[in-house]
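Each chain is listed here by its residues.
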Amino acid sequence: MTVMRAMVLDRPGSALVLRERPLPVPGAGELLIAVSACGVCRTDLHVVDGDLTHPKLPIVPGHEIVGRVAGIGAGVTGFAVGERVGVPWLGATCGVCPYCRSEAENLCDTPVFTGYTRDGGFASHAVADARYCFPLGEDGDDAEIAPWLCAGLIGWRSYRMAGEARIGNAMNLGLYGFGAAAHILAQVAIWQGRRIFAFTRQGDVAAQDFARSLGAVWAGASEDVPPEPLDAAIIFAPVGALVPLALKAVRKGGRVVCGGIHMSDIPSFPYASLWEERHLVSVANLTRADAHEFLAIAPKAGVQCAVTRYPLARANEALADLRDGRLQGAAVLVP
Ligand SMILES: [Zn+2]
Ligand SMILES: [Zn+2]
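All of these numbers come straight from a predicted model, not from anything done at the bench. (Residues numbered from 1 in each chain as written. Chains lettered and ligands numbered in written order. Predicted model: local features only at pLDDT ≥ 70, side-chain atom pairs only at ≥ 80, totals over all residues.)

**Topic: the overall build of the protein**
Test applied: Per the convention used, a helix needs a DSSP run of H or I reaching at least four residues, while a strand needs a run of E reaching at least two, with both numbered from the N terminus. Here the globule rule is a power law, 2.2 Å times the number of residues to the power 0.38, and the radius of gyration is based on C-alpha atoms. Buried means a residue has 20 or more other C-beta atoms within 10 Å of its own C-beta, exposed means 12 or fewer, and partly exposed covers the counts in between; C-beta atoms are placed from the backbone. This entry defines residue contacts through backbone-placed C-beta atoms, with two residues in contact when those atoms are within 7 Å.
Along its length, the protein carries eight helices and 17 strands. Computed over C-alpha atoms, the radius of gyration of the protein comes to 19 Å, within 12% of the 20 Å expected from 2.2 N^0.38 for 335 residues, which places it in the range of a compact globule. Along the first, second and third principal axes, the C-alpha set of the protein runs to 60 × 40 × 35 Å. Taking all 335 residues of the protein together, the buried fraction comes to 49%. For the protein, long-range pairs separated by at least 24 residues make up 69% of all intrachain contacts whose partners lie at least 6 apart in sequence.

Structural data, given as structure tokens:
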């Protein structure tokens, strides 16, 4: 095959367009990957809607790629043609900036991001820097694993930060916005013996039932006061108004972690909500170490993703369903 298919964004605010392109040849250090599934993440929506303002254009979104190695560039070792691999949001880092040299490559000064500054996985094929690809083994369904590559990884980084809550070791963990990331993290947290409190949009009974079905001890509206104080909370919904609500729900010394890349403005709130050594932190991107940790723990925890599959050509529909909150779990494109 000498052509590939891709869903292309020409400019933010427009629909993706299905195009054929010449099949790329992997350069030095790169893998060509035949995509078997690519998850649809809220960050893709932020790219398409123009909330993230510096995409390469035109761009092929998608950074939860599961596929098979179809070509290997010069100098790449450790991968075989046909091997199943995953490609995350972190596409490459410089390796020399102060962040890269301090085990904080997620904050690299000159990063490359899959599906944002280099073409991603809403396509039949993708090229990726082999150093940022992960072997996935053969267990598990491609589409059901795809959301692990971002919802899982960035969720895991958020969860690790929440776990640094000084009091209670984050045993009582609140999750605001019960979508792809929360439904994965809830399973890991419950497996580790934590108690999950799920917060959804007011009246979203389906999402609350879904959370309870996964083992949440309580589910309710984001405005509700949980029945017990939380040790920590993670906000996955891109809604700044949740920050003061979550701060009010956590106990003294508790932590609120903002897990998204973009959020609406945070309304002002009384200092009393932050006082008593509550922590408010954000998570940006991921490191390869996060990925290795999560990809090892997720199968042990028996993480099962609820996915809705869409053919590649229906990517716009998948994005609209995510935007409008019509999904339970994750949307996944299958080329
Ligand atoms: Zn760097
Ligand atoms: Zn993502």
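**Remarks on the packing of helix α3 (residues 151–162) against helix α7 (residues 288–300)**
The relative placement of two packed helices is expressed as an angle between their axes plus a distance between the axes. We count it as follows: Axis definition: a line fitted to C-alpha atoms, over the contacting stretch in the case of helices. Angles run 0 to 180 degrees between N-to-C directions. Roughly parallel means an angle under 35 degrees; roughly antiparallel means over 145; roughly perpendicular covers 65 to 115; every other angle is labelled oblique. Think of it as three bins: nonpolar holds Ala, Val, Leu, Ile, Met, Phe, Trp, Tyr, Cys and Pro, charged holds Asp, Glu, Lys and Arg, and polar takes everything else, Gly as well.
Look at α3 against α7: their axes get within 9 Å of each other, and the N-to-C directions meet at 105°. Classified by the angle between their axes, α3 and α7 sit roughly perpendicular to one another. For the pair α3 and α7, the contacting residues are Gly152, Leu153, Trp156 and Arg157 in the first and Asp290, Ala291, Glu293, Phe294 and Ala298 in the second. A breakdown of the residues in the contact of α3 with α7 according to their chemical character gives five nonpolar, one polar and three charged.

**A look at the packing of helix α1 (residues 42–49) against helix α8 (residues 315–323)**
Closest axis-to-axis distance for the α1/α8 pair is 10 Å, and the angle between their directions is 105°. Judged on the interaxial angle alone, α8 and α1 are roughly perpendicular. In this structure, α1 uses Arg42, Asp44, Leu45 and Val48 to contact α8, whose residues at the interface are Leu319, Leu322 and Arg323. The residue makeup of the contact of α1 with α8, split by class, is four nonpolar, no polar and three charged.

**Concerning the sheet that holds strand β10 (residues 172–176)**
Threshold: In short, DSSP must find at least two bridges between two strands for them to pair.
In space, the six strands of this open sheet follow the order β12-β11-β10-β13-β14-β15, with parallel pairing throughout. Looking at which strands have only one partner, the edges of the open sheet turn out to be β12 (218–221) and β15 (279–282). Between one strand axis and the next, the sheet turns by 20° as a mean value, whatever way the strands run. Taken together, the five bridges between strand β13 (residues 230–235) and strand β14 (residues 250–258) define a ladder with parallel strand orientation. Bridging from a neighbouring strand, Ile234 pairs with Val257 of β14. Packing against the sheet, helix α6 (residues 242–249) makes contact with β10, β13, β14 and β15, and its axis sits at approximately 150° to β14.

**A short note on unusual backbone geometry**
In this model, Leu57 is joined to Pro58 through a cis peptide bond whose omega is -10°. For Glu103, which is not glycine, the phi dihedral falls at a positive 55°. You can see Glu103 is positioned in the loop between β6 (90–92) and β7 (112–113). At Glu277, a position not held by glycine, the phi torsion is positive, near 60°. Positionally, Glu277 belongs in the loop between β14 and β15.

**Let's talk about the domain arrangement of the protein**
Applicable threshold: All the domain ranges listed were derived from an automatic or database domain assignment.
Segmentation of the protein into domains returns domain 1 (3–147 + 286–334) and domain 2 (153–282). Look at where the C-alpha atoms of domain 1 and domain 2 centre, and you get two points 26 Å apart. A per-element tally of the side of domain 1 that touches domain 2 places α7 first, with six residues. Along the lines of polarity and charge, the residues of the side of domain 1 that touches domain 2 split into 13 nonpolar, six polar and four charged.

**Focus on the nonpolar core**
Quick reminder of the rule: Only buried Ala, Val, Leu, Ile, Met, Phe, Trp, Tyr and Cys residues enter a nonpolar core, and they are joined through C-beta atoms within 7 Å.
Formed by 107 residues in total, the largest nonpolar core has its most connected members in Leu175, Ile235 and Ala246. If sequence neighbours within four positions are ignored, Ile235 has contacts with Tyr176, Gly177, Leu242, Val243, Ala246, Val256, Cys258 and Gly259.

**Description of α1**
Burial of α1 is extensive: six of the eight residues sit out of reach of the surface. For α1, the full list of buried residues reads Arg42, Thr43, Asp44, His46, Val47 and Val48. Tucked inside the fold, the buried residues of α1 contact β3 (30–40) and α8. Backbone geometry just after α1 places Gly50 at a positive phi near 85°.

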